[in-house]
Amino acid sequence: MSTGAEERQLVYTMENKPIVTCAGDSSLFSSLQPTLVQQLPKESVEWRRSYGRPPKMINLEANFISFKEELLPKEGSKALLTFPFLHIFWTDCYDSEMYKTSTKEEISRWQNALRGRGSSDWLIVLVEVESRRKSKPIVLPRMAIVDKIRNDFCNKQNDRVVVLNDPLRESARAQESWQAFLSRLRLLLLASFTRNLGHFEDDMRALRERRTNPNWSFAHYFMVQEELAFVFEMLKQYEDALVQYDELDALFTQYIVNHGAGDPTEWVSSFCHPVCHWTGLALWRPIDMVRRELVQNGCASLLDLRSYLFSRQCTLLLFLQRPWEVAQRALELLHNSVQELHLLEIPLPLGAVDCWVYISCLEVLQRIESFCDTNQNDMFAVYAAGLRAYAREKLHGLGNLCGLMSCKGPTSEELNRTVDLLAGLSNNDTEMVNNLNNPSKRLREALSSTEAFEKHYLELSEVAMGTYKHIGRLRSARLIGKELADFHMRKCEPRKAEGYLLDALKTYRAEGWSLLVSHTRRQLAACQSQLGNVQTYLDTCSLLASDSSLEVSERQEYCKQLLGSSSDGEPVSLALEPALHLDAIRFCPASARVALHATLGVQLQLTSRLPGPITADSITLALHLEPTNSKNEELSMDGDPDGWLRLTEASGDRALGDRQLPILLDFCEVHERGAQPDSPLTTSGVTYRNAHLFLRRQDSSSSPGRTREPVLEDTTRTSAVCNVLLRPGNNTVSLPTLVREPGLFTLRQLCLQIGPLQLLSLRLQPVPQYTVYSQEPQLDVISGDDLLAGVPQELQVQLLTGHRALQEGEGLHLSLPESLLLLDSVKIPAHVESDSNDDIPDIELSLELSPRLLRVRFPAISGYRSVRFSLHVLCQPPTATPPADDLDYHSIQDGIELKGLVVEHRVSIDSPWSIYSTLVTLAFHVPFRVQHTVLTAGHRKFVQVCVRNTCSLHFILSRPSLGFSMEGEDTTLESLNPATTTCVCAGKNAWFLWEINGQVPSPVPCCFTVAFQLGSTTEQKRPGTAKGGPNEQMSDDGEEEKPPRHCLFNYDFMLVQLATLYSVQAAVMPPLGQEMCQMGLLCSLEVSITRLCKDDPRQEGSGSPTSDCGEIPGGATVQCSQLLYKVVDNSSNWAVCGRSSGLVAMPLTERATHKLHLEVLPLFAGYLPLPDVHLSKYLSESETDEPCGESGRTPGVESFSTTTPRLSQFDPGEVYNVSRATQVLVLPSPDTSLVDITVP
């Protein structure tokens, strides 16, 4: 067979072109023919066809031949390939006499011949040669000759005459006339082609409509429509040509189907005669003339017609650069042809169809590979894989028929069959026979000997598998591998077959085909048995013996092989599953916690899938002690209500039933339409939504039989039982375990020993574990976070004895601080618990109390017990002091949570089992938070104490007292509090008030004392609070003594700056002429600032800034202090006009007064409070540095500084606002329709 380049060259040389005849001056045309042939197809022309078919741009070519009457179509002839579409008459006549004598007569005879055959497509070309015109002195004008021709021959068709002006010259006029001639030639040729092609198509349709006539011939119709395909092909319209062959293919296929369905047709029977040759497809020639003649003569068989039709389709598809479609159509053709042979019951020798399919597949692959690089075309690989697999399948069938796959070789009958098949492969085509890559020759070679067949079969199988793997169809590749395994097993080559069987087994297991898995494992077991691999063979026997898909007798045979094949004594380790499965584990006790040297019971639930009972020599559990420094926490084992911990499935075989394809596939319909809304349905199919679950790439390194192979764990620590009978189904095995060391133990692996055979499980999941505890005695005091001072509290003491048993008389020594009192009697009860939740009666502990030491004596107590008892204590509250970040009264009222004092007591506990003391810190919270405030009313001073309850209990306060630590003779404190008790609820305040009579030096220490007790609503039991009252004590004989009624709480603080330095008085005066203030009218605000004492007590010796205010009348210089005033109205009742703030220089003299005058505007009517007047101390560095004379200020005169002042606020009580609660009546405006009135 020739190469691809030679084939393509052969295709182009056999193409036809539209015929154009040339008459007249032959020498003239010969000089112009090369240029005309070259220039005609350079420009495309639009071809408009009938029946609404879209227009196309085509390049016309023509075959110019000399005119002969024999070339004209005869009457009734409808051939298009030999039909002359246009006739041209060439002349260069320039003389009138010459035209009259010869040229006119020649044109007349030419037209008469055309009219006689009914041809109306002609053209007359008059060529003007400039050199010939110059050689004659007198010549007729050019238009005279043209006019004569038009008058004589073209009365109504003036466009049928074209004038060429010296076409061989390079002038612009010559080129213009030449292009006009080419355009006219293209149009006339295309018009003739369209008209004649339309007539041909109409005739072809009429012939197709008569296909129901009894004498209708498909072969004749085939030749007619193929001629139309040839016409499209010569116009380079390969798509249209392919459509013609597709229509023929569809028509023929439909008649074959109808014939097989009981609607026979007479002409179909002509294709049912016996087939003598099965040489396959012939794609190396564009047109197979031998088979075409058979079809034309009606002697072609079904295979001949299919082969010729597909060869033409292949040629056109290669012209269209779609080689992958050739492979796709070839695969469909081969399958359909085989079905048609069976449908028509065409007699064929056994194996002939396989030969034809095999040769055809290789021919298609070879043709495409010679046309393009198939390695770079993935689309071709998809269909090439199917072709190679189909060819391999047919070659496999031929090998079985001819005895080439048997170890004994072919028989005489098989040899005769081979000779008959080779006879049908004979080919008289010398070029095809001499081709070394001829598929027919390769088939002959393969059928010649067993070695040659094995070579070709293995080579084709490997190529097919590689192609399937390349396109991602791993399953198809492994199916071919499974057939190769059968081939190698027939050839007694089990080592080569094992790998293919393992790959096929992996595929079946991944897809959940249980029956295929069982069948493949049987083959694998036979292969491993021949190889002598004891380990793998026994592993496969274990899987087969537990396979429920097999018969019981077959399973028993494999079980016998499993238990008896290792009788030589060599140990063999296999996986426990799926022969046996450990379903669940249960510990006794169920908590899986045991003490050291105790016995732990472990129960196993084993499911045996073997067909009969077996006796295990031993069943061993491998234990592992987790390291003490391991960060792994104890895993929570959530089991069944009966205590069984269910283990996960370790074997992959049990998952086969859970992944059956019909159960998990989620099918859905898919419909696709065109881009337009009303487009018809283009594609319809079925897919499934969860395709990602089954189309995932599997790990090729995983074992095909199991997920992981078990490894024998460390057997240093084990729990075992011997001689256990296991029956098919569920079995329960108990393993008693004596623990000898403490720690966290995990159950790693289960091992069954049956003679030298060991069945090992994978690591158990979830991890079963148990704890062996051996702990030291532990002591814990549970006090809680809400211990209160001054209230009896309960302390929970818990003792875990651990592995140490307490002897009678042993106990604890508690060292108590002085302020922590014990309220219990000499005997207290204690609750004892054990880890096994056994009912243990309560015990009684004895207490021995000495100064600051408490001894607790225990009776005899066993190890691993929990002893819990309670102690009731009372903490005396300490004396409170003001905190550094004390908050004022308003902050308390805004809901800020204040915490009381915290008293920490450390209790030291000594135990007989440790040389170290246990320190326990008890934090007692003082339930109260106290604040004090100094209040001023004119010259009177008051001390207010606020007690806030910071806990959740209610208290009753009584007997409040306040006293000076340095009380003078003329200073007293008058209590203004009622004599009754005060109840303070949780989070609430209690207020107490005293008036100071007399002069008190500043600062002076004070002490506030109040008695408190629990309220009636809280005397019942609460968490952390004892039942007894405060300070409740017990007598020696156990009788309760009357408790004191109250507990005292002390609060020490300092009174600083009790003197009032300034008084501020404000008054609002109505406008002139008005008796009352009126809304909207400016009023006068008069502010009077008076110094009440001569010296500021805090400025003595402190270096506070003062300045010389200037001279007063009389010439004396007075010292002044600077004040900053600010008038504001926070309630927005007044609008302050003018200067609302400024500096005032106040002389340091008693009763010094300064008055301010401002204007204010009332905004509302009613009783309005006065604006607020704030005073601050002005501390300016510039003022202290400047001399007194430079300030130029006089007493009582306002001054304003440009420097930024530093202000210091007065302490509470230092400034008294006389008019703080004063209100002014403001009348509404008489002219307003809507009046806002403020009601006090």
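As the structure is a prediction and not an experimental result, all values here were calculated from the model.

1. Structural notes on the pattern of salt bridges
Two side chains with opposite charge may pair up if their charged atoms get near one another. The tally for this structure, following the rule as stated, stands at 34 salt bridges. The closest approach of N and O atoms between glutamate 201 and arginine 53, which form a salt bridge, is 3.1 Å. Remark: arginine 53 occurs in the loop between β2 (45–47) and β3 (56–58) and glutamate 201 occurs in helix α6 (residues 172–209); sequence separation between them is 148 residues. Given a relative accessible area of 25%, arginine 53 falls into the partly exposed group. Across the salt bridge formed by glutamate 848 and arginine 857, the nearest N and O atoms sit 3.8 Å from each other. On the basis of relative accessibility, which here comes to 37%, the residue glutamate 848 falls in the partly exposed class. Residues joined in a network through salt bridges with shared partners are Glu239, Asp246, Arg322, Glu325 and Arg329.

2. So, the environment of histidine 277
Along the polypeptide, histidine 277 turns up in the loop between α8 (238–260) and α9 (289–297). On a C-alpha basis, the gap between histidine 277 and serine 426 in space is 7.4 Å, while along the polypeptide they are 149 residues apart. Discounting residues that sit within four places of it in the chain, histidine 277 has contacts with Gly424 and Ser426.

3. As for helix α16 (residues 439–446)
The complete set of buried residues in α16 reads Pro439, Ser440, Leu443 and Ala446. Angularly, the buried residues of α16 cover 120° about the axis, an arc narrow enough to put them on a single face. Tucked inside the fold, the buried residues of α16 contact α12 (352–371), α13 (378–401) and α17 (450–470). Here α16 starts with a cap whose side-chain oxygen sits 3.2 Å from the backbone nitrogen of serine 440, and that cap is asparagine 438.

4. Quick look at α12
Side chains that are three or four residues apart share a direction in an α-helix, a result of its 3.6 residues per turn. Under the 1.5 Å per step criterion, the end-to-end length of α12 is 29 Å for 20 residues, consistent within 8% with the ideal 28 Å. Burial within α12 is extensive, with 18 of its 20 residues counted as buried.

5. Focus: the environment of serine 608
With respect to the helices and strands, the residue serine 608 is situated in strand β11 (residues 599–608). Serine 608 gets classed as buried once you look at its relative accessible area, which sits at 5%. Spatially, the C-alpha atoms of serine 608 and leucine 582 are 9.0 Å apart, while their sequence positions differ by 26 residues. When neighbours within four sequence positions are excluded, serine 608 is seen to be in contact with Ala579, Leu580, Arg727, Pro728, Gly729 and Asn731.

6. Describing the nonpolar core
Ranked by internal contacts, the top residues of the largest apolar core, which has 140 residues, are Phe64, Trp90 and Phe181. Among the elements that make up this core, the one with the highest residue count is α12 (13 residues). One finds Leu795, Val947, Cys951 and Leu962 within the second-largest nonpolar core, a separate group that totals 66 residues.

7. A short note on the sheet that holds strand β33 (residues 940–949)
The 4 strands lie next to each other as β32-β33-β37-β35, forming an open sheet whose pairing is antiparallel. The open sheet is flanked by β32 (928–937) and β35 (972–975), the only strands paired with a single partner. Taking each pair of neighbouring strands and ignoring which way they run, the sheet shows an average axis angle of 25°. Here 4 bridges tie β35 to strand β37 (residues 989–997), and the two strands are oriented antiparallel to one another. Residue leucine 973 lies in a different strand from β37, and its bridge partner there is isoleucine 996.

8. Things to note about unusual backbone geometry
Trans is the prevailing form of peptide bonds, just as negative phi is the prevailing case for residues other than glycine. Residue proline 578 follows glutamate 577 across a cis peptide bond; omega there is 5°. As for its position among the elements, proline 578 is in the loop between β8 (572–575) and β9 (580–588). Residue proline 766 is reached from glutamine 765 by a cis peptide bond, and omega for that bond is -5°. Within the secondary structure, proline 766 is located in the loop between β19 (757–760) and β20 (769–773). The phi torsion at cysteine 492 lies on the positive side, around 60°, for a residue other than glycine. Assignment of secondary structure puts cysteine 492 in the loop between α18 (474–490) and α19 (494–511).

9. Here we look at the packing of helix α7 (residues 218–234) against helix α10 (residues 302–319)
Packed helix pairs are specified by the crossing angle of their axes together with the interaxial distance, meaning the distance between the axes. Contact pair α7 / α10: the axes reach a minimum separation of 13 Å and the direction vectors enclose 10°. Between α7 and α10, the angle is such that the two are roughly parallel. On α10, the residues that touch Phe218, Phe222, Glu226, Phe230 and Glu233 of α7 are Leu305, Tyr308, Leu309, Arg312, Leu316 and Phe319.

10. Some remarks on the confidence of the model for the protein chain
On average, residues of the protein chain score 79 in pLDDT, and 82% of them reach the 70 mark or higher. Low pLDDT, under 50, characterises residues 699–705; the predicted model gives this stretch 12 contacts beyond four residues in sequence or across chains. A low-confidence stretch, residues 1027–1044 stays under pLDDT 50, and its non-local contacts, those more than four residues away or across chains, total 24 contacts.

11. Focus on the packing of aromatic side chains
Scanning all chains against the criterion turns up 37 aromatic pairs. Seen in terms of ring centroids, tryptophan 216 and tyrosine 221 are 5.6 Å apart; in terms of plane orientation they differ by 40°. Their pairing is tilted. Each of the two residues, tryptophan 216 as well as tyrosine 221, counts as buried. Pairing phenylalanine 218 with phenylalanine 271 gives two aromatic rings, centres 6.4 Å apart and planes at 75°, and the pair type is edge-to-face.

Criteria and thresholds
Residues numbered from 1 in each chain as written. Predicted model: local features only at pLDDT ≥ 70, side-chain atom pairs only at ≥ 80, totals over all residues. Heavy atoms only, no water. Salt bridge = Lys/Arg side-chain N within 4 Å of Asp/Glu carboxyl O. Helix = DSSP H or I, 4+ residues; strand = E, 2+ residues; numbered from the N terminus. Buried < 20%, exposed > 50% of the residue type's maximum accessible area, 1.4 Å probe, protein only. Contact = heavy atoms within 4.5 Å. Arc of directions from axis to C-beta. Polar contact = N/O pair within 3.5 Å; in protein donor to acceptor, adjacent residues only side chain to side chain. Expected span 1.5 Å × (residues − 1). Core = buried A, V, L, I, M, F, W, Y, C linked by side-chain atoms within 4.5 Å. Pairing = 2+ DSSP bridges. Axes fitted to C-alpha atoms, helices over the stretch in contact; angles between N-to-C directions. Parallel < 35°, antiparallel > 145°, perpendicular 65-115°, else oblique. pLDDT = per-residue confidence, 0-100. Phe/Tyr/Trp six-rings, centres within 6.5 Å; stacked < 30°, edge-to-face > 60°.

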